[in-house]
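What follows is each chain in one-letter form.
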Amino acid sequence: MDVILIFAGIAVVLFVSSYMHKRRFGLLGLALATGSLLSGIWGYDLGLIASGLGVPSGPWTTAIILSLLILLPAGVLLFHGYTYNTMFGRIIGAGLFTLLALAFLVEPLGHILMPHGIGADVYNWLTNNRTIIIGAGLTLAVIDLFLTKPAHLADKRHKH
């Protein structure tokens, strides 16, 4: 049950932050992919730096560092970029962002969480479908970028 609560808490924070900032899914989804690559490249080095600064090393520290590296680029882009104009778009975009972020976070959080019961079913579903969710999510993110109109073009079109 602990796994469900942790994933639900993370999901609520990600959904609400994406929904409140109205940011489009495309850029945020690609930022999650960037964060995943950065965590693979820099995760070990940042773990060494953290232990050198006196932070106790262990699986919790590693999982937190890797999770923060995954979420950092998307967190920065929550404050800049294109936005949704409709509530339906905001809900769909925030939901897709949350699902994609959870798919990226399954691996680092899987090292510290011991799923059991219903939590094990949720965790196993996310783990088994992780690559499908990431592949579909990144494809939808690129499509969303193609559907985004630059602000200056949208303004010119509406003036006439």
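Quick summary incoming for the structure in this document. Treat the numbers as computed from the prediction; the structure is a model and nothing was measured. (Residues numbered from 1 in each chain as written. Predicted model: local features only at pLDDT ≥ 70, side-chain atom pairs only at ≥ 80, totals over all residues. Heavy atoms only, no water.)

## Observations regarding the overall build of the protein chain
The secondary structure content of the protein chain amounts to seven helices and zero strands. Starting at the N terminus and ending at the C terminus, the protein chain contains elements arranged as α-α-α-α-α-α-α. Its C-alpha atoms give the protein chain principal-axis dimensions of roughly 60 × 40 × 25 Å. Put simply, the protein chain has 160 residues, and 37% of those count as buried. Across the protein chain, contacts joining residues at least 24 apart in sequence account for 87% of those joining residues at least 6 apart. Of note, the protein chain has its 9 positive side-chain charges centred 22 Å away from the centre of its 6 negative side-chain charges. (Helix = DSSP H or I, 4+ residues; strand = E, 2+ residues; numbered from the N terminus. Buried < 20%, exposed > 50% of the residue type's maximum accessible area, 1.4 Å probe, protein only. Contact = heavy atoms within 4.5 Å. Lys, Arg positive; Asp, Glu negative; His and termini not counted. Charge placed at Lys NZ, Arg CZ, Asp CG, Glu CD.)

## Quick notes on helix H2 (residues 25-52)
The largest bend in H2 amounts to roughly 55 degrees and is located at Trp 42. Phe 25, Gly 26, Leu 28, Gly 29, Ala 31, Leu 32, Ala 33, Gly 35, Ser 39, Gly 43 and Ala 50 are the residues of H2 that are buried. In this structure, the buried side of H2 is in contact with helix H1 (2-21), helix H3 (59-77), helix H4 (87-110) and helix H6 (130-147). A positive backbone phi angle near 100 degrees is found at Gly 54, which sits one or two residues after H2. (Bend = angle between axes of the 7 residues up to and from the residue.)

## Let's talk about the environment of Ile 64
Within the element layout of this structure, Ile 64 appears in helix H3. The spatial distance from the C-alpha of Ile 64 to the C-alpha of Gly 47 is 9.7 Å, given a sequence separation of 17 residues.

## Considering the pattern of salt bridges
One side chain can pair with another of opposite charge once the charged atoms of both are near each other. Here the structure, examined in full by the defined rule, presents two salt bridges. The closest approach of N and O atoms between Asp 144 and Arg 24, which form a salt bridge, is 2.7 Å. Of this pair, Asp 144 sits in helix H6 while Arg 24 sits in the loop between H1 and H2, placing them 120 residues apart in sequence. We classify Arg 24 as buried; its relative accessible area is 17%. Between Arg 130 and Glu 107 there is a salt bridge, and its shortest N-O distance comes to 3.3 Å. With a gap of 23 residues between them, Arg 130 in helix H6 and Glu 107 in helix H4 connect regions that are remote in the sequence. For Arg 130, a relative accessible area of 19% puts it in the buried group. (Salt bridge = Lys/Arg side-chain N within 4 Å of Asp/Glu carboxyl O.)

## Regarding the side chain of Ser 18
Along the chain, the position of Ser 18 falls in helix H1. Sequence-distant contacts of Ser 18, defined by excluding residues within four places in its chain, comprise Arg 23, Leu 28, Leu 78, Gly 93, Ala 94 and Phe 97.

## Looking at the packing of H1 against helix H5 (residues 118-128)
A pair of packed helices is characterised by two quantities: the angle between their axes and the separation of those axes. Two elements in contact, H1 and H5, have axes separated by 7 Å at closest approach and are oriented at 55 degrees. When the axes of H1 and H5 are compared, the pair comes out oblique. Within the contact between the two elements, H1 uses Val 3, Ile 4 and Phe 7 and H5 uses Ile 118, Gly 119, Val 122, Tyr 123 and Leu 126. Here the contact of H1 with H5 is composed, by residue class, of seven nonpolar, one polar and no charged. (Axes fitted to C-alpha atoms, helices over the stretch in contact; angles between N-to-C directions. Parallel < 35°, antiparallel > 145°, perpendicular 65-115°, else oblique. Nonpolar A, V, L, I, M, F, W, Y, C, P; charged D, E, K, R; others polar.)

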